[in-house]
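Each chain, letter by letter, is given below.
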Amino acid sequence: LFLPLACLLSYYTPAFLNIPPGQAANTRLLFLAMYGSFFATLLSNPFKLAQLVTQRFYIGQWIDITGQILRYSTWILLFCLTIPAMWQVGFGYLLGAAFSLAASSVVSRKLMPRFRPSLRGFSKAAFIEMTKLGGWMTVDQIGTFLALSIDVLVINRMIGPESVGKYSAILG
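Residues numbered from 1 in each chain as written. Predicted model: local features only at pLDDT ≥ 70, side-chain atom pairs only at ≥ 80, totals over all residues. Heavy atoms only, no water.

As a further point, take the pattern of salt bridges. Enumeration according to the criterion identifies one salt bridge in this entry. For Asp64, the salt bridge is made with Lys48, and the minimal N-O distance between the two is 3.8 Å. With Asp64 in helix α4 (residues 57-81) and Lys48 in the loop between α2 (24-44) and α3 (49-53), the pair connects residues that are 16 residues apart, well separated along the chain. Residue Asp64 is classed as partly exposed on the basis of its relative accessible area, which comes to 33%. Since its relative accessible area comes to 23%, Lys48 is described here as partly exposed. (Salt bridge = Lys/Arg side-chain N within 4 Å of Asp/Glu carboxyl O. Helix = DSSP H or I, 4+ residues; strand = E, 2+ residues; numbered from the N terminus. Buried < 20%, exposed > 50% of the residue type's maximum accessible area, 1.4 Å probe, protein only.)

Here's what the structure looks like:
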C-alpha cells in the first residue's frame, strides 16, 4: 500500500511545487528516496525494542551515528565523483536508513534471540484501533509541518524557487 502511494506522490511532486526547469526528474527521485527512507525507518523501530528492553541504549546511538556518517559520506562521495544533484541527497538518506534497519535487525536477534516477530499474534481489532490513533497523529503532524513551513511553500508557489533559496539563507 505504501509503495504505490509513494511512487504516485513522487511522480506528481513537481505539480505541487515550483521546480526549476530540468529538475523534475531529480525532484521525483529525491522524494521517492525520502519516502523509502521514511519506510525503512518505520520498519526499523520495532527492532529497537531489544535495545530498550536490555537497556543497551548506546547500541542504538552507535547505529544512529553510523547511519549519519554513512549518509554524509555518500553525499560527499557522490558530489565529488559526479555533478551534484538533489537525488544524491535522497540516496544518502535511503542508504543510511537501510543501514539502520539492517543493523537494528541484527542487534535485535543478538540481544533477544528468542524473540521472533510473526503474524500469529496479529490482532485485527488492535490494528484498527492503532490505525485510528495513528490517523489523527498523522493529521497533527501534517498540521504542524504546514504551520512551520507554510511560508516556504507559499513563496515557492507565488514567487519561485530562487526566492525560496534566498529566504532560506536569511532564516539560517
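Read on, since the account is not over.
Considering all chains together, one arrives at five aromatic pairs under this definition. With a centroid separation of 5.5 Å and 55° between ring planes, the pair formed by Trp75 and Tyr93 is classed as tilted. Of the two residues, Trp75 is situated in helix α4 and Tyr93 in helix α5 (residues 86-111); the sequence distance between them amounts to 18 residues. What makes Tyr93 partly exposed here is its relative accessible area of 29%. Each member of the aromatic cluster is reached from another via a ring pair, and the members are Tyr72, Trp75 and Tyr93. Across from the ring centre of Tyr11, 4.6 Å away, lies the NZ or CZ of Arg28, which sits over that ring. (Phe/Tyr/Trp six-rings, centres within 6.5 Å; stacked < 30°, edge-to-face > 60°. Lys NZ or Arg CZ within 6 Å of the ring centre and 35° of its normal.)

The values reported here are purely geometric and, on their own, carry no functional implication.
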